Amino acid sequence: MALAHAILAALVEAPCSGYDLAKRFDGSVGFFWSASHQQIYRELSKLEDREWISSESILQAGRPDKRLYSVTDLGEQHLKEWIAQPCELTPIKDDLLVKIFAGYIVPNQTILAELEHHQKAHQKKLSKYKELEQRYFQNPQELPEPGKFQYLTLLNGISYEIHWLAWYNQLMELLNQTIEN
């Protein structure tokens, strides 16, 4: 997926400034498609050149003018066409898996320390996802259509983190047995 599609997906719900888009991106699409604010601003310019988005300047007293971006009909049509196309499975590129694959060449404690670091990060992310679920998605069947689809992506994130933590427990059990032997 190109960053362009992630930005269109974030903007299609409502127009916003580049700054607000970057903040919105961090708290929604950014959970599964990361980009720096600089990359987002560069892509906004490209999307405007393609006429997939438009912008208008909003005058602000005592502050620089704000540009408000919105998806054009052409941009929405492109997003719809892209959504309708089948996508390939995303190849896995994970440093941790490479470390574990070759982990037999270092003491188990080295791998255990790395795993514990990742475990804390995944627990933190799962807590964040559960917090979002409690705050915004307590009654999923009552959500408006956009909210239901946003909830589906959140469910994927929750499932991923739960799966990762279960995998971690399996690894710890196996590695601890190896240490004992």
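None of these values were measured; they are calculated from a predicted model.

### Points about the UniProt feature "domain: Transcription regulator PadR C-terminal" (unreviewed entry) in the protein
Link 1 in the chain: UniProt records the feature "domain: Transcription regulator PadR C-terminal" (unreviewed entry) for residues 92–175 in the present numbering.
Link 2 in the chain: In the segment residues 92–175, helix accounts for 80% and strand for 0%; the C-alpha atoms at its two ends are 23 Å apart.

### Side note on the pairing of strand β3 (residues 66–71)
Link 1 in the chain: Both strand β1 (residues 16–17) and β3 contribute to a ladder of two bridges, which runs antiparallel. Residue pairing in the sheet places serine 17 in a bridge with leucine 68 of β3.
Link 2 in the chain: Across six bridges, strand β2 (residues 53–58) lies against β3 in antiparallel orientation. Paired with serine 57 across the bridge in β3 is arginine 67.

### Details of the packing of aromatic side chains
Link 1 in the chain: For the structure shown, the criterion picks out four aromatic pairs.
Link 2 in the chain: Centre to centre, the rings of tryptophan 164 and tryptophan 167 are 5.6 Å apart; their planes meet at 70 degrees, and the pair counts as edge-to-face. Of this pair, tryptophan 164 and tryptophan 167 both sit in helix α7 (residues 145–180), separated by three residues, roughly a single helical turn.
Link 3 in the chain: Accessibility expressed as a relative area gives 6% for tryptophan 164, which makes it buried.

### Points about the environment of serine 34
Link 1 in the chain: Inspection of the secondary structure assignment puts serine 34 in the loop between α2 (18–26) and α3 (37–49).
Link 2 in the chain: A relative accessible area of 65% means that serine 34 is categorised as exposed.
Link 3 in the chain: Here the alpha-carbon distance between serine 34 and alanine 6, two residues 28 residues apart in the chain, equals 9.3 Å.

### With respect to the nonpolar core
One recurring pattern in soluble globular proteins: nonpolar side chains tend to sit buried together.
Link 1 in the chain: Ile7, Leu11, Leu21, Phe25, Ile40, Leu44 and Ile53 are the most contacted members of the largest nonpolar core, which has 21 residues in total.
Link 2 in the chain: Those elements that place two or more of their residues in this core are α1 (3–11), α2, α3 and β3.
Link 3 in the chain: When residues of this core are assigned to their parent elements, the largest contribution, seven residues, is made by α1.
Link 4 in the chain: Sequence-distant contacts of phenylalanine 25, that is, excluding residues within four places in its chain, are made with Leu3, Ala6, Ile7, Ala10, Gly30, Phe31, Trp33, Ala35 and Ile40.
Link 5 in the chain: Membership of the second largest hydrophobic core comes to 18 residues, among which are Ile111, Leu112, Leu115 and Leu175.

### Here's the deal with the UniProt feature "domain: Transcription regulator PadR N-terminal" (unreviewed entry) in the protein
Link 1 in the chain: Under the present numbering, the feature "domain: Transcription regulator PadR N-terminal" (unreviewed entry) in UniProt falls on residues 7–81.
Link 2 in the chain: Along residues 7–81, the helical share is 48% and the strand share 19%, with 15 Å between the first and last C-alpha atoms.

### Concerning α2
Link 1 in the chain: All buried positions along α2 are accounted for by Gly18, Leu21, Ala22 and Phe25. Along the axis of α2, the buried residues cluster in a sector spanning 100 degrees; they form a single face.
Link 2 in the chain: Close packing links the buried residues of α2 with α1, β1, α3 and β3.

### A few points about the sheet that holds β2
Link 1 in the chain: A sheet is described by the order of its strands in space; here three strands give the open sequence β1-β3-β2, paired in antiparallel fashion. A strand with exactly one partner marks an edge of an open sheet, and here the two such strands are β1 and β2.
Link 2 in the chain: Here α3 sits on the sheet in contact with β2 and β3, set at roughly 110 degrees to β2.

### As for α1
Link 1 in the chain: Burial within α1 is extensive, with eight of its nine residues counted as buried.
Link 2 in the chain: Within the sequence span of α1, burial applies to Leu3, Ala4, His5, Ala6, Ile7, Leu8, Ala10 and Leu11.
Link 3 in the chain: In this fold, the buried residues of α1 make contact with β1, α2, α3, β2, β3 and α4 (73–84).

The rules behind these values
Residues numbered from 1 in each chain as written. Predicted model: local features only at pLDDT ≥ 70, side-chain atom pairs only at ≥ 80, totals over all residues. Heavy atoms only, no water. UniProt positions renumbered as here; feature names shortened; annotations may be inferred. Helix = DSSP H or I, 4+ residues; strand = E, 2+ residues; numbered from the N terminus. Pairing = 2+ DSSP bridges. Phe/Tyr/Trp six-rings, centres within 6.5 Å; stacked < 30°, edge-to-face > 60°. Buried < 20%, exposed > 50% of the residue type's maximum accessible area, 1.4 Å probe, protein only. Core = buried A, V, L, I, M, F, W, Y, C linked by side-chain atoms within 4.5 Å. Contact = heavy atoms within 4.5 Å. Arc of directions from axis to C-beta. Axes fitted to C-alpha atoms, helices over the stretch in contact; angles between N-to-C directions.

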